[in-house]
Amino acid sequence: MKIYTEYKSELFLKKFSIISSKSYLTNNIKEALELSKKMKFPLAVKIISPGILHKTDAGGVIKCGNQEDMVKAYYTILNIAKEKKAHLDGILIQEYIIGNEVIIGIKKDTTFGHIILFGLGGVYTEVLKDVSLRVCPLNKKEALRMINEIKNIKILEGYRKQKPVDKNVLSNILVKVSNIPLKYKNITELDINPLIANGSSIKAVDARMVLD
C-alpha cells in the first residue's frame, strides 16, 4: 500500500488539469521566509508527513498573517513531528483561500469498482454527510446531476452573498476525477477535501491518495 501526502497528491492531480492552490514544500526556515515573499499573506503553513494525514486534528495547519507568525508556525510543526515521531517530508507554505468548500472522493468498491463521491466539504463533511454517489466514469450530464442532488445545494448557489459556484467548471472537474481510475486502477482512495470554489475559480486545498 502506498500513501500519497497532500503535496504528492496535488502534483498527481495536476496531470489531469485539476488546479491546486499555490504552494511550496520546504525543509528550511530561511527558504520558507523567502518563498513567502512570492505570495501574499495570510498563508497556511502545513505539516506534510505520511504519518500525519489528518493535519488539522494534529494541530499541523496554521494560518499566518506575517513572517513572524510563519517562524512560530514552522517550529510548532517541527515539534509536532518530533512529539509524534513522524517522518517529515517537509513543511508546506500555501496560499490561504476561502470560499465554498466541497469534497470529491474516489473509493474502490469490491462490487461496483471505483465510486465517486461529491458533497459539501471542509467542516461540513462529517456533520452534514450531504453527498451524492456514482460509479466511475461520469459524463458531463451525470456530473451536473450529482452536484444538484445534494440537499444543501443552495449553499453553493450564492447563499448569504457568497459568490455562486460555477457548476459548469465544477462538473468538468468531477468528470476529470472520475476518469482517473481508468488509467490508475490501483487507486483505492482519493480525497480532495476541501476543493474551494469562488465562482469559476475552483482549487484543491488539500488531498490525499492511497494505492494498493
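The residue numbers shown here count from 1 along each chain, following its written sequence. Per-residue local features are limited, in this predicted model, to residues with pLDDT of at least 70; the limit for side-chain atom pairs, both in listing and counting, is 80 or more; totals at the level of whole chains, interfaces and linings are taken over all residues. Side-chain metrics rest on all non-hydrogen atoms present in the structure, leaving aside hydrogens and water.

S.K.: In this structure, what is going on with the side chain of Ser36? I would like to understand it.
M.R.: The secondary structure listing takes helices from DSSP runs of H or I that are at least 4 residues long and strands from runs of E that are at least 2 residues long, numbered from the N terminus. Residue position: Ser36 is located in helix α2 (residues 29-36). When a residue's accessible area, from a 1.4 Å probe over protein chains only, is under 20% of the maximum for its type it is buried; when over 50% it is exposed; and in between it is partly exposed. On the basis of relative accessibility, which here comes to 1%, the residue Ser36 falls in the buried class. Between N or O atoms, a polar contact is any pair within 3.5 Å; within protein, one atom must be a potential hydrogen donor and the other a potential acceptor, and residues adjacent in sequence are included only when both atoms are from side chains. One polar contact links the side chain of Ser36 to the main-chain carbonyl oxygen of Leu33, over a distance of 2.6 Å.

S.K.: What exactly am I supposed to notice about the environment of Lys185 here?
M.R.: As for its placement among the helices and strands, Lys185 is situated in the loop between α6 (167-183) and β9 (187-198). Take Lys185: its relative accessible area is 54%, and that puts it in the exposed class. Sequence-wise, Lys185 and Lys38 are 147 residues apart; in three dimensions their C-alpha atoms are separated by 38 Å. Any two residues whose heavy atoms approach within 4.5 Å at even a single point are treated as in contact. Apart from residues no more than four positions distant in its own chain, Lys185 is found in contact with Lys108 and His114.

S.K.: Any chance you could explain the nonpolar core here in plain terms?
M.R.: As a rule of thumb, nonpolar side chains are buried together in soluble globular proteins. In plain words, nonpolar cores are sets of buried Ala, Val, Leu, Ile, Met, Phe, Trp, Tyr and Cys residues tied together by side-chain atoms within 4.5 Å. Among the nonpolar cores identified, the biggest contains 37 residues, and Ile116, Phe118, Val177 and Leu195 are the most heavily contacted of them. Listing elements by their share of this core, those giving two or more residues are α1 (6-14), β6 (100-109), β7 (113-120), α5 (140-149), α6, β9, β10 (201-204) and β11 (207-211). Looking at this core element by element, the count peaks at 6 residues for α6. In terms of nonpolar packing, the next biggest core, distinct from the first, is built from 19 residues, Ala32, Tyr74, Ile77 and Ile91 among them.

S.K.: Looking at this model, I keep getting lost on the packing of aromatic side chains. Mind explaining?
M.R.: The description of two aromatic rings rests on the distance between their centres and on the angle between their planes. Pairing of aromatic rings covers Phe, Tyr and Trp, the last counted by its six-membered ring, and requires centre-to-centre distances within 6.5 Å; plane angles under 30 degrees mean stacked, over 60 mean edge-to-face, and any other angle means tilted. Applying the stated rule across the entire model yields 4 aromatic pairs. Pairing Phe12 with Phe16 gives two aromatic rings, centres 5.5 Å apart and planes at 50 degrees, and the pair type is tilted. Each of the two residues, Phe12 as well as Phe16, counts as buried. Ring centres of Phe16 and Tyr184 lie 6.1 Å apart, and the angle between their planes is 75 degrees; this geometry places the pair in the edge-to-face category. On the criterion of sequence distance, the pair formed by Phe16 in the loop between α1 and β2 (23-26) and Tyr184 in the loop between α6 and β9 is long-range, its members being 168 residues apart.

S.K.: Looking at this structure, how should I read the sheet that holds strand β3 (residues 43-48)?
M.R.: Taken in spatial order, the 4 strands of this open sheet run β2-β5-β3-β4, and their pairing is antiparallel. Looking at which strands have only one partner, the edges of the open sheet turn out to be β2 and β4 (61-64). Each strand of the sheet is rotated relative to its neighbour by a mean of 20 degrees, with strand direction disregarded. Sheet topology note: the β2/strand β5 (residues 90-95) ladder contains 4 bridges and is antiparallel. Following the sheet pairing, Ser23 is matched in β5 by Gln94. As a rule, the C-alpha atoms of each element are fitted with a line to give its axis, helices using only the stretch in contact, and angles between N-to-C directions run from 0 to 180 degrees. Each of β2, β3 and β5 is contacted by α1, which is oriented at about 55 degrees to β5, the strand it contacts most. Its contacts with the sheet place helix α3 (residues 67-83) against β2, β3, β4 and β5, and it is angled at close to 15 degrees to β3. What makes two strands pair is DSSP finding at least two bridges between them.

S.K.: How do you make sense of α5 when you look at a structure like this?
M.R.: An α-helical turn contains 3.6 residues, so any two residues separated by three or four positions project in the same direction. Of all the residues in α5, the buried ones are Ala143, Met146 and Ile147. Projection of α5 onto a plane perpendicular to its axis shows the buried side chains occupying an angular sector of 95 degrees, all on one side. Looking at the buried positions of α5, the neighbouring elements they touch are β7, β8 (131-135) and α6. Its side-chain oxygen 3.2 Å from the backbone nitrogen of Lys141, Asn139 forms the N-cap of α5. This arc corresponds to the set of directions leading from the helix axis out to the C-beta atoms.

S.K.: Help me out: how do you make sense of unusual backbone geometry in this one?
M.R.: A negative phi angle characterises most non-glycine residues, just as the trans form characterises most peptide bonds. Cis geometry marks the peptide bond from Phe41 to Pro42, where omega comes out at 5 degrees. In this structure, Pro42 sits in the loop between α2 and β3. With an omega of 5 degrees, the peptide bond running from Asn193 to Pro194 counts as cis. Tracing the backbone through its elements, the reader meets Pro194 in strand β9. Here Ser17, not a glycine, exhibits a phi torsion of approximately 60 degrees, which is positive.

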